[in-house]
Amino acid sequence: MNSSTTVRTARLRTLRVAAAALTAAASLTLTACSGADAADAKPASHSDTAKAAVAAGGAGSSAGLAASDAQASAGAKTSAGADAKADAKTGAAGKQSGSAHAAHGGRAASPVRTQRLADGISTAKIYQLGEQHYRAKIVARGAVLATMETKGHDDGLDANDMFVTLTLDGQVHSWMGGGHQGPGTFTLAGGWTAKVTKLGELRYRAQIIGHDGVAATLETNQHDVGLDANGINIVLSSGGVISAHE
């Protein structure tokens, strides 16, 4: 082989090596670019997705908490308003009730009048409790001896042979003596006849009889009773004693 041929062959080899080197370099460049593009195009990782969800969830939670706080605040205000109204109504009702009790108590606390009784020692303090509802305290030497009260009917008392009646209109009548011990039939003041029968211990019944038959009936049950019979005051005691006075 001559020298020119040798030189030519060497140049070809150099060119091939250079071409191979260029091809390899181009391949590496394409691979690197492809990898970069793939990295840019790949979907978000679980970590990135979780971060985005947390961020979104955090914003939603903040909004939800704000809404919940607003509702709770509104509910608290509403509840407070309702409680305040209820307390106000209760207070008003309490004041009205208290006023009613005070008025009733004040009315009953002071007697409408005081009246001297037939024995010359005792007095009756008369209180009005309501319509046709009266109470009389029989007082002697500062002590209350007995209490009488009308509850839909007249009342009566035998106080050691002093007889007292309290009528539905608050009138008090008293007299001394004139009692009849039952059982029996007795003529009373005003032309009345009383038929007294014993029903049991401290229990007596008296039929008040007039021209037209039985006009009224008195009955004791461990408590004296009284009656205003057309202006004639009658008392029947729990011991069976009956007395009348015009």
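Above this note sits the structure.
Cut-offs used in this document
- Residues numbered from 1 in each chain as written.
- Predicted model: local features only at pLDDT ≥ 70, side-chain atom pairs only at ≥ 80, totals over all residues.
- Heavy atoms only, no water.
- Pairing = 2+ DSSP bridges.
- Helix = DSSP H or I, 4+ residues; strand = E, 2+ residues; numbered from the N terminus.
- Contact = heavy atoms within 4.5 Å.
- Buried < 20%, exposed > 50% of the residue type's maximum accessible area, 1.4 Å probe, protein only.
- Salt bridge = Lys/Arg side-chain N within 4 Å of Asp/Glu carboxyl O.
- Axes fitted to C-alpha atoms, helices over the stretch in contact; angles between N-to-C directions.

Pairing is antiparallel across the open sheet formed by four strands, whose spatial order is β8-β15-β14-β13. Strands with a single pairing partner mark the edges of an open sheet, and in this sheet they are β8 (180-181) and β13 (225-229). Pairing of β8 with strand β15 (residues 241-245), which is carried by two bridges, proceeds in the antiparallel orientation. What sits directly across from His180, in β15, is Ile242.

To continue, consider the environment of Thr193. Residue placement: Thr193 occurs in strand β10 (residues 193-200). Taking the C-alpha atoms as reference points, Thr193 and Ile208, 15 residues apart in sequence, are found 5.8 Å from one another. Residues within four places of Thr193 in sequence aside, it is in contact with Thr185, Phe186, Gln207, Ile208 and Ile209.

Two faces belong to every sheet, and in a regular strand the side chains alternate between them. In terms of burial, β15 is a largely internal element, four of the five residues being buried. Bridge count for strand β14 (residues 232-236) against β15 is four bridges, and the pairing is antiparallel. Note on β15: the bridge partner recorded for Ile234 is Ala244. Between β14 and β15, which pair antiparallel and follow one another directly, the connecting turn spans four residues, one of which, Gly240, has a positive phi of 90°.

This part covers the pattern of salt bridges. Applying the stated criterion across every chain yields a total of three salt bridges. Between Arg205 and Glu219 there is a salt bridge whose closest N-O contact spans 3.0 Å. Placement of Arg205 in strand β11 (residues 203-210) and of Glu219 in strand β12 (residues 213-219) is noted, with a sequence separation of 14 residues between them. On the basis of relative accessibility, which here comes to 31%, the residue Arg205 falls in the partly exposed class. Connected through shared salt-bridge partners, Arg203, Arg205 and Glu219 make up one network.

Right, let's get into the environment of Ala118. Structurally, the position occupied by Ala118 is in the loop between β1 (113-116) and β2 (123-130). Between the C-alpha atom of Ala118 and that of Met162, which follows or precedes it by 44 residues, the distance is 7.2 Å. Setting aside its immediate chain neighbours within four residues, Ala118 contacts Met162, Ser174, Trp175 and Met176.

So, on to the environment of Val164. Counting through the fold element by element, Val164 comes out in strand β6 (residues 162-166). Taking the relative accessible area as the measure of exposure, Val164 reaches 1% and is therefore buried. Ignoring sequence-local partners within four residues, the contact set of Val164 consists of Leu117, Met148, Asp155, Gly156, Leu157, Val172, His173, Ser174 and Val235.

Attention now goes to the sheet that holds strand β5 (residues 155-159). Within the open sheet, the three strands sit side by side as β5-β6-β7. Their pairing is antiparallel. Each edge of the open sheet carries a strand with a single partner, namely β5 and β7 (172-176). Taking each pair of neighbouring strands and ignoring which way they run, the sheet shows an average axis angle of 15°. With five bridges joining them, β5 and β6 adopt antiparallel strand pairing. Residue Leu157 lies in a different strand from β6, and its bridge partner there is Val164.

Interpretation note: all reported values are geometric properties and have no functional meaning in isolation.
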